[in-house]
Amino acid sequence: MSPTKHGVAVDQPHRIELSIGGMTCASCAARIEKKLNKLDGVDASVNYATEKAHVTYSGSLDPAVLIATVEATGYTAAVPSPPRDADQPGATAPAADEADSLRSRLLICSILTVPVIAMSMIPALQFTNWQWLALTLASPVVVWGALPFHRAAWTNARHRAATMDTLISLGVGAAYLWSLWALFVGHAGMPGMRMPFTLLPQSDSGTEHIYLEVAAAVTVFILAGRYFEARAKTRSGAALRALLQMGAKDVAVLREGVEIRIPTAQLSVGDVFVVRPGEKIATDGIVVEGTSAVDASMLTGESVPVEVHPGDDVTGATVNAGGRLLVRASRIGADTQLAQMARLVEEAQNGKASVQRLADRVSGIFVPIVLALSAVTLAAWLGTGHSATVAFTAAVAVLIIACPCALGLATPTALMVGTGRGAQLGILIKGPQVLESTRRVDTIVLDKTGTVTTGHMGLIAVNPRAGENSDEVLTLAGAIENGSQHPIATAIATAASAGGSLPPVQDFLTHNGQGVSGVVDSHAVIVGTLRWLTEDWALTAPDDLIAIAEDAQSQGRTPVWVAWDGEMRGVITVADTVKDTSAQAIEQFRELGLRPILLTGDNRRAALAVAAQVGINPDDVISEVLPADKVNAVKTLQSQGCTVAMVGDGVNDAAALVQADLGLAMGTGTDVAIEASDLTLVRGDLRTAADAIRLSRSTLKTIKGNLFWAFAYNVAALPLAALGLLNPLIAGAAMAFSSVFVVSNSLRLRRFASIASSPTAAGVPDTSKSTPV
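Residues numbered from 1 in each chain as written. Predicted model: local features only at pLDDT ≥ 70, side-chain atom pairs only at ≥ 80, totals over all residues. Heavy atoms only, no water.

**Q** Explain the sheet that holds strand E11 (residues 292-295) to me, and be specific about the residues and the numbers.
**A** One open sheet holds the three strands; their spatial order is E12-E11-E14, and the pairing between them is antiparallel. Edge positions in the sheet fall to strand E12 (306-308) and strand E14 (319-320), since each of these pairs with one other strand and no more. (Pairing = 2+ DSSP bridges. Helix = DSSP H or I, 4+ residues; strand = E, 2+ residues; numbered from the N terminus.)

**Q** Break down helix H22 (residues 630-639) for me, citing the residues and quoting the values.
**A** Burial in H22 covers these residues: Lys630, Val631, Ala633, Val634 and Leu637. Within H22, the buried residues cover an arc of 160 degrees as seen down the axis, which keeps them to one side. For H22, the secondary structure elements touched by its buried residues are strand E17 (443-447), strand E24 (595-599), strand E26 (644-648) and helix H23 (654-659). (Buried < 20%, exposed > 50% of the residue type's maximum accessible area, 1.4 Å probe, protein only. Arc of directions from axis to C-beta. Contact = heavy atoms within 4.5 Å.)

**Q** Go over the packing of aromatic side chains with me, naming the residues and quoting the values.
**A** Throughout the structure, instances matching the rule amount to seven aromatic pairs. Taken together, a centroid distance of 5.4 Å and an interplanar angle of 55 degrees make the contact between Tyr211 and Phe392 tilted. Linking Tyr211 in the loop between helix H6 (164-184) and helix H7 (212-236) with Phe392 in helix H12 (residues 388-401), this pair joins segments that are 181 residues apart in sequence. The exposure classification of Tyr211 matches that of Phe392, with both residues buried. Judged by centre distance (4.7 Å) and plane angle (45 degrees), the rings of Trp709 and Phe741 are tilted. With Trp709 in helix H25 (residues 687-722) and Phe741 in helix H26 (residues 728-747), this pair connects stretches of sequence that are 32 residues apart. Phe741 gets classed as partly exposed once you look at its relative accessible area, which sits at 30%. Following the ring pairs from residue to residue traces out a cluster consisting of Trp178, Trp181, Tyr211 and Phe392. (Phe/Tyr/Trp six-rings, centres within 6.5 Å; stacked < 30°, edge-to-face > 60°.)

**Q** Give a detailed account of the sheet that holds strand E27 (residues 662-666), specifying residues and quantitative values.
**A** Ordered by their spatial adjacency, seven strands build an open sheet running E16-E28-E27-E26-E17-E24-E25, and the pairing between neighbours is mixed. On the outer flanks of this sheet lie strand E16 (427-429) and strand E25 (621-622), each paired with one strand and no other. Inspection of the sheet shows E27 paired to strand E28 (residues 679-681) by three bridges, in the parallel sense. Across the sheet, the residue bridging to Met666 is Leu681, located in E28.

**Q** Tell me about the environment of Ser484, residues and numbers included.
**A** Structurally, Ser484 can be placed in the loop between helix H16 (470-481) and helix H17 (487-497). Since its relative accessible area comes to 14%, Ser484 is described here as buried. Residues Ser484 and Gly515, spaced 31 residues apart in sequence, show a C-alpha to C-alpha distance of 9.4 Å. Beyond its immediate sequence surroundings of up to four residues, Ser484 is in contact with Ala489, Thr490, Phe508 and Val516.

**Q** Break down the packing of helix H14 (residues 433-440) against H25 for me, citing the residues and quoting the values.
**A** One way to put it is that H14 packs onto H25 with a least axis distance of 8 Å and a crossing angle of 105 degrees. Put simply, H14 runs roughly perpendicular to H25. Mapping the contact onto sequence places Leu435, Glu436, Thr438 and Arg439 in H14 and Ser696, Arg697, Thr699, Leu700, Ile703 and Lys704 in H25. Here the residues of the contact of H14 with H25 sort into three nonpolar, three polar and four charged. (Axes fitted to C-alpha atoms, helices over the stretch in contact; angles between N-to-C directions. Parallel < 35°, antiparallel > 145°, perpendicular 65-115°, else oblique. Nonpolar A, V, L, I, M, F, W, Y, C, P; charged D, E, K, R; others polar.)

Here's what the structure looks like:
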């Protein structure tokens, strides 16, 4: 049932993705987008590089109307079929199929065109009647080789539209038809005809001049540009396809104690499956039996395997590098982390930055302007008394040089490569608008717990009373604390158990958060707060231990008192631990021109202690902030003129992540925080935040560089062509080069290197390498 507002049913908008076929340039995408957006209740975005349309429409509209609208515009549309496994027949990318077809056409046309160009450019090769051999070789190139352009131009003409194919078809066709007229009607077909090659048209040339080499060479150049463009599309989308193909294909499920191997798609939540050493984990789950090391490098970029034990979460598509594991499936299909990553990457690639929308608008009106400019050029040259050859050459050069391919490819290819590379490094960019935000950010607010620190208590020091043994103090305290679920107790018990098994405990009791007590090795052991031990147990604390405890508290740490047999025996200090990479991350933020600010609900002393360790100035510490006030802290910075990025991981950070100009969520945090963010960092390494900003800025820089080249190229080349300073053959080569240049420039992002190269993997902090607070 539709939700209601004031008693009136409200139709919820629906979303659909369509695969678009037949697009050849950005102006095609602009035409389809314009037609779809004319429908009532439709908001469409068409991406030329990914060949997809993302449409939001009201519930009353039939999706078949969308497909029919696209088809009426002269293109094909269909709902994409589910991706097939890489090992299934025909499971290749559409761009790869297109590249194979173009390669065959390109090779045949190149073989036929080379002799035509050679004879036309080198008078010594122009034997008697050479022009008829040139016609024989060039005709298949112009008719069959350029057939995709002619077909698309005719389809567009039937719909009273013009695209890049119109320009190519007109240019190639005009050059070929002029040559036919010169050969059969003019003097170019006479035996012994010679034609010198010049880069500029000659005013005294007439009907003895033919343009077969132009028609054939431009066709080959454009085919070459399309071929390299298709190959680049395949390479730029490779990261996403690799992500989708990472998962295990089948899995050994335990059914009534018997292993049954089934396809992963048949797994259900709650199924227990077996993961042997070297196998991929089939889906997200919880370890129920076994201990092993898991290699998550393909998802997080981490090179160090993570130790997992019963109760630990594991992620689908990671590799079991150690012992045998039994895992209970917790998330399957589209709910898994791998599927969510792929979805975020694809949505980012299909989106449009504001700069791309400008390019789309320009390319949408560019072709009609070029056609008019070509006609004006022809008329101007003829009107000033120049020969028809000169006028024709200039007009054809205008048609060929002006194709706006590079404009349409400038943003999508960079986005595809940048977001794909980010996914490989554990950085998920949610959309192209995020790139604009990273350029402006000058302040980065860091939540303390779980972001700068591990969020887990760790043992800092064991301080025995004079005459006592520190190992005994830790062992007895650890044995008692092992029965408690408190984070402080867990830290002490974990540290104590590292030295061996803990002795059994009798008469274990917890005391309302004050401490625990029990009997260990015939000792009556009490572990807890100083006030509880002195007031409830009437014990006396030695002065030296009191001084140690007060010093620990001044640094934001927690002292835990240990007593047995009626006497205070020592103080154990625990604290949340700073990640060993946090200081490096702060330094990298400064290098990026960002001012780091620490935000925490902890007391001032604890916050300053963390800030001192990671290199944050005391003036840039905001402490004792309630969860609800984190948003106000971000607003205050924004009111001071700061453009704020926020890094957090908890539910209480979600609102602040939304309020910030750029929200970055640690992937080790909660789903709420991740949903609220603009960038998701799969790893718990703060240095990845610096990598994310660097990658986003590099991607935006590449987009702007591409657009500058595409705009500058057309602005500079069109006047040259109109003034007769460009041979159509050179114009065709230059146009094809511009598209290849833009795509190749985007592919440089594949070489983006992460600074975060070591420590811990996602979700499992390595406290042994952390620095105590």
